[in-house]
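If you want the building blocks of each chain, they are given just below.
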Amino acid sequence: MPKNEKEPLKSERPESFELDGVACCALSHSFAKHAEAVSKLMDGMDEETLRIMASPLVSTRRLVVPRNKQVEAVYREIAASELARLDKEEHKFHCKHSPEEHKKALESVVSAFGKSAN
């Protein structure tokens, strides 16, 4: 179990995955910034499911989520969208993390869940 929020993305059990505090923060920010990507993902799921996936990320230091292809695809796509934005735009976050910390955390999410199907 992570003792601080900067430990890498990992899984304590094969049937789940763990997001550290930086990954939760970066993904939460990503959901807020990428309405178009979220809208595209909603074609394959209902709005309530997507909201449930995004809401626990806010102000969370550690989140253990059951493995599920749909969940992994959503987190991967949202992380990839935010990574592309971080490479192109200036960043001003309201959290204590640097853009580099967010980028590293998002890269871990994309890596952990494989490449986009697109």
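Residues numbered from 1 in each chain as written. Predicted model: local features only at pLDDT ≥ 70, side-chain atom pairs only at ≥ 80, totals over all residues. Heavy atoms only, no water.

**Q** If you had to explain the pairing of strand β2 (residues 62–66) to someone new, which residues and values would you point to?
**A** Alternating residues of β2 divide into L63 and V65, all buried, and R62, V64 and P66, none buried. Both strand β1 (residues 16–20) and β2 contribute to a ladder of five bridges, which runs antiparallel. Across the sheet, S16 pairs through a bridge with P66, a residue of β2. (Buried < 20%, exposed > 50% of the residue type's maximum accessible area, 1.4 Å probe, protein only. Helix = DSSP H or I, 4+ residues; strand = E, 2+ residues; numbered from the N terminus. Pairing = 2+ DSSP bridges.)

**Q** Give a detailed account of the nonpolar core, specifying residues and quantitative values.
**A** For soluble globular proteins, nonpolar side chains are generally found buried alongside one another. In terms of nonpolar packing, the biggest core is built from 29 residues, with L19, L27, F31, L57, Y75 and V109 touching the most fellow members. Elements with a contribution of two residues or more to this core: β1, α1 (21–33), α2 (35–41), α3 (47–54), β2, α4 (69–88) and α5 (99–112). With seven residues, the top contributor of residues to this core is α4. Beyond its immediate sequence surroundings of up to four residues, L27 is in contact with L19, L57, Y75, I78, A79, L106 and V109. (Core = buried A, V, L, I, M, F, W, Y, C linked by side-chain atoms within 4.5 Å. Contact = heavy atoms within 4.5 Å.)

**Q** Before we move on, can you summarise the side chain of T60 with the specific residues and values?
**A** Structurally, T60 is set in the loop between α3 and β2. Reaching out from T60, the side chain makes a polar contact with the backbone oxygen of P56 at a distance of 2.3 Å. Those residues in contact with T60, other than ones at most four positions away along the chain, are G21 and C24. (Polar contact = N/O pair within 3.5 Å; in protein donor to acceptor, adjacent residues only side chain to side chain.)

**Q** Mind laying out the packing of aromatic side chains, listing which residues take part and the relevant values?
**A** Here the structure, examined in full by the defined rule, presents three aromatic pairs. For the pair F17 and F113, a centre-to-centre distance of 4.6 Å together with 70 degrees between the ring planes defines the contact as edge-to-face. Taken as a pair, F17 in strand β1 and F113 in the segment after α5 lie far apart in primary sequence, 96 residues in all. With a centroid separation of 6.3 Å and an interplanar angle of 90 degrees, the aromatic rings of F31 and Y75 are classed as edge-to-face. Here F31, found in helix α1, pairs with Y75, found in helix α4; they are 44 residues apart in sequence, far enough to count as distant. For Y75, a relative accessible area of 2% corresponds to the buried category. The structure contains a cluster of three or more aromatic residues connected by ring pairs, namely F17, F31, Y75 and F113. (Phe/Tyr/Trp six-rings, centres within 6.5 Å; stacked < 30°, edge-to-face > 60°.)

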